[in-house]
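Residue strings, one per chain:
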Amino acid sequence: MERPVRRLAGRRLRTPHAAALALALALAAGGFAAWAGQDWYRAAHDDRAAYAVQRDAALAAGEQAVQNLNTLDHRDVNQGLDLWEASTTGELHEQLSSGRADFADQVKEARTVSTARVLSGAVTELDDRAGRARVLVALRVTVRSADGTRTDKDSRMLGELTRTDGRWKLSALGQAPVGGTPAG
């Protein structure tokens, strides 16, 4: 006797449990999508992210400007001094501009080459709304004199930055006090 062949293709599982399971999975997926979308929206519109971007921009500009103002080659003084002026604003910029000719003569006469390398830096203060920041930058300055001698000096500089036309520029620069030395 021959048995009839059963066909499995085309049959669907029609149980009330399968429909409930599919509905539960759809609701869970929709809930997850809503939660993830809301979380993404909050992160994208968080003021802290914009603040962090400004802090990082101020630090990068401050480190570069401090490095620029500690680097100068007697063979191309004008290019170096142009970079100094491009890195500064306000009273510091005025001081550099007004003393440019005398300073250029001194560097050419001394025939020195100074190069600076930033070791580390930090933003110590940031007022994003007012467009002001302060940075502390540690750097190593190497000075080569005309006779070929080389001197390395590590120093810490305090810089004040002002945002001008959307860019951070140095508006003041000075030596940071070393431990135990009173600030003033």
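Remember, predicted model here, so these are calculated numbers, not experimental data.

**As for the layout of surface pockets**
Taken as a whole, the largest pocket encloses approximately 170 Å³ of empty space. Taken together, Leu69, Asn70, Thr71, Leu72, Trp84, Phe103, Val107, Thr112, Ser114, Val141 and Val143 make up the lining of the largest pocket. Secondary-structure elements contributing two or more residues to the lining of the largest pocket are helix H5 (100-110) and strand S3 (132-144).

**As for H5**
Those residues of H5 lying buried are Arg100, Ala104 and Val107. Looking down the long axis of H5, one finds its buried residues gathered within 65° of arc, a one-sided arrangement. When the buried face of H5 is taken as reference, the exposed residues oriented beyond 90 degrees from it are Ala101, Asp102, Gln106 and Glu109. Residues of H5 that are buried make contact with strand S1 (72-73), helix H3 (77-86) and helix H4 (90-98). Of the residues one or two after H5, Arg111 is the one with positive phi, at around 55°.

**Focus on the side chain of Thr88**
Relative to the assigned elements, Thr88 resides in the loop between H3 and H4. For Thr88, the side chain forms a polar contact with the main-chain oxygen of Trp84, separated by 3.2 Å. Of the polar contacts made by the side chain of Thr88, one reaches the side chain of His93; its length is 3.1 Å.

**Topic: the sheet that holds strand S5 (residues 167-175)**
Taking strand neighbours across the sheet as the criterion, the 5 strands line up as S1-S2-S3-S4-S5 in an open arrangement whose pairing is antiparallel. Both outer strands of the open sheet, S1 and S5, are each paired with one neighbouring strand and no more. Set on the sheet, helix H2 (residues 47-69) makes contact with strand S2 (113-127), S3, strand S4 (150-164) and S5; between it and S2 the angle comes to about 150°.

**Re the pairing of S5**
For S4 and S5, the ladder comprises 8 bridges, and the chain directions are antiparallel. Bridging across to S5, Glu160 finds its partner in Ala172. In sequence, S4 turns back onto S5 through a hairpin of 2 residues, with Asp165 there showing a positive phi of about 55°.

**Considering the packing of H3 against H5**
Direction vectors running N to C along H3 and H5 enclose 135°, while the axes themselves pass 10 Å from each other. Taken together, the axes of H3 and H5 lie oblique to each other. Handedness of the H3/H5 crossing: right-handed. Of the residues in H5, those in contact with Val77, Asn78, Leu81, Asp82, Trp84 and Glu85 of H3 are Arg100, Phe103, Ala104, Val107 and Lys108. A breakdown of the residues in the contact of H3 with H5 according to their chemical character gives 6 nonpolar, 1 polar and 4 charged.

**So, the pattern of salt bridges**
Summed over the entire model, instances satisfying the criterion amount to 10 salt bridges. For Asp82, the salt bridge is made with Arg100, and the minimal N-O distance between the two is 2.8 Å. You can see Asp82 sitting in helix H3 and its partner Arg100 sitting in helix H5, a full 18 residues away along the chain. Asp82 gets classed as partly exposed once you look at its relative accessible area, which sits at 44%. For Arg100, a relative accessible area of 18% translates into the label buried. We note a salt bridge from Asp128 to Arg163, for which the minimum N-O separation is 2.8 Å. Taken as a pair, Asp128 in the loop between S2 and S3 and Arg163 in strand S4 lie far apart in primary sequence, 35 residues in all. One network of salt bridges, with partners in common, ties together Asp82, Glu85 and Arg100.

What counts, and at which threshold
- Residues numbered from 1 in each chain as written.
- Predicted model: local features only at pLDDT ≥ 70, side-chain atom pairs only at ≥ 80, totals over all residues.
- Heavy atoms only, no water.
- 1 Å grid on protein atoms, 1.4 Å probe; cavity = no way out; pocket = protein on both sides within 12 Å on 5 of 7 lines; lining within 4 Å.
- Points joined across faces, edges and corners; volume = space filled by probe spheres on them.
- Helix = DSSP H or I, 4+ residues; strand = E, 2+ residues; numbered from the N terminus.
- Buried < 20%, exposed > 50% of the residue type's maximum accessible area, 1.4 Å probe, protein only.
- Arc of directions from axis to C-beta.
- Contact = heavy atoms within 4.5 Å.
- Polar contact = N/O pair within 3.5 Å; in protein donor to acceptor, adjacent residues only side chain to side chain.
- Pairing = 2+ DSSP bridges.
- Axes fitted to C-alpha atoms, helices over the stretch in contact; angles between N-to-C directions.
- Parallel < 35°, antiparallel > 145°, perpendicular 65-115°, else oblique.
- Left-handed = near helix turned anticlockwise from the far one by under 90°.
- Nonpolar A, V, L, I, M, F, W, Y, C, P; charged D, E, K, R; others polar.
- Salt bridge = Lys/Arg side-chain N within 4 Å of Asp/Glu carboxyl O.

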